[in-house]
Amino acid sequence: MLLVVVAVPARAGIADRVAATFALMAADFVKAFQPIEAVVVSLEGPEIFLDVSGAGGAQVGQEYVVFRKGETFTHPLTGRPLGRYEEVLGHAQIVRVYPNFSAAVYLPLPDTPRPRASDGARITRARVRVAITPVYDLTAAPSDVRRVPFMVAAALEGSRRFQVVDPIAVSDMFASGGLRVEEMLVRPERSARAARHLQVSGWIVPMLLERRGVTYLDVTYISAITGTALISRRLALVTANAAEEQRFPWEPRPED
């Protein structure tokens, strides 16, 4: 009896296809984290209401820092006012957007007073620090997607809105076996604790899944505050094209 073994190659250029697909959705993540200044206008139970609408950039899933302005501080020599002290009270996650305002779930910090009307809320103007997990691949086909976090990081860094933790350092966390990518999606306490360790505002979790023969890229942003998913985008992988071919000898081949 002759046994014939046929090697099944990895899906050609899958990492490049994932990166090209993420490039189509990257603008949505950048838009969701544009700097916004808002004011608390009302409170009702666990929710607060902000004076920012969809026209002003509000989106479901955004996370704001809620703060209270304090005393003015001045220049020690000239006495000229330079600004006001701020006390961070907690965070607000947008759950509904109306024509003239937004509703948000309020998440207080320990030992802080409850917000009141006229307190401030903002999405920082500073670059948002995030970590990218390894790809969570739920497809049955063999593929090598180890390059994907680096390619996603390059796209986010290129927007100049995000600061991305070194993907190698993040990969080492998961390679040790103490943390699994799927836990980031279903165990909020684990993802929040790991985020605090890396000092990031949130996680970017890329996932591959297949539905009726079509492979999709699903990318989720997870809050470092609550460990819950706030923003998610899903697109079918773009098709392979000539741009994926090996252009130089030192580049990875299309098999990844």
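As a reminder, the structure under discussion sits directly above these lines.
Novice: Sorry if this is basic, but what is going on with the pattern of salt bridges here?
Specialist: Charged atoms that come close allow side chains of opposite charge to pair. Counted according to the given criterion, the structure contains 13 salt bridges. Asp144 is the salt-bridge partner of Arg146, the closest N and O atoms lying 2.4 Å from each other. Judged by its relative accessible area of 66%, Arg146 falls in the exposed class. With relative accessibility at 18%, the residue Asp144 sits in the buried group.

Novice: Help me out: how do you make sense of the pairing of strand E11 (residues 214–223) in this one?
Specialist: Successive residues of a regular strand alternate their side chains across the two faces of the sheet. Where burial is concerned, most of E11 is hidden: eight out of the 10 residues are buried. Pairing of strand E10 (residues 202–211) with E11, which is carried by 10 bridges, proceeds in the antiparallel orientation. From the neighbouring strand, Arg211 faces E11, where its bridge partner is Val214. The turn linking E10 back onto E11 is made up of two residues, and Arg212 within it adopts a positive phi angle of 55°. By the bridge criterion, seven bridges tie E11 to strand E12 (residues 229–236) in an arrangement that is antiparallel. Bridging from a neighbouring strand, Ile222 pairs with Ala229 of E12. Counting the residues that bridge the hairpin from E11 to E12 gives five residues, and of these Gly227 lies at a positive phi of roughly 75°.

Novice: Before we go on, may I ask you to explain the packing of aromatic side chains in this structure?
Specialist: Pairs of aromatic rings are described using the distance from one ring centre to the other and the angle between the two planes. Within this structure, the stated rule accounts for six aromatic pairs. Between Phe33 and Phe162 the ring centres are 5.4 Å apart and the planes differ by 70°, which places this aromatic pair in the edge-to-face class. Of this pair, Phe33 sits in the loop between helix H1 (14–32) and strand E1 (36–44) while Phe162 is found in strand E9 (residues 162–164), placing the two residues 129 residues apart along the sequence. Each member of the pair, Phe33 together with Phe162, is buried.

Novice: What exactly am I supposed to notice about the sheet that holds strand E3 (residues 63–74) here?
Specialist: Strand pairing in a sheet takes place through backbone hydrogen bonds and is either antiparallel or parallel in direction. Spatially, E1-E2-E5-E4-E3-E6 is the arrangement adopted by the six strands of the closed barrel, whose pairing is antiparallel. Sheet twist, expressed as the average angle between the axes of neighbouring strands with direction ignored, equals 45°. Pairing analysis gives four bridges linking E1 to strand E2 (residues 47–50), with the strands arranged antiparallel. For Val40, the partnering residue across the bridge sits in E2 and is Leu50.

So, how was this worked out
Residues numbered from 1 in each chain as written. Predicted model: local features only at pLDDT ≥ 70, side-chain atom pairs only at ≥ 80, totals over all residues. Heavy atoms only, no water. Salt bridge = Lys/Arg side-chain N within 4 Å of Asp/Glu carboxyl O. Buried < 20%, exposed > 50% of the residue type's maximum accessible area, 1.4 Å probe, protein only. Helix = DSSP H or I, 4+ residues; strand = E, 2+ residues; numbered from the N terminus. Pairing = 2+ DSSP bridges. Phe/Tyr/Trp six-rings, centres within 6.5 Å; stacked < 30°, edge-to-face > 60°. Axes fitted to C-alpha atoms, helices over the stretch in contact; angles between N-to-C directions.

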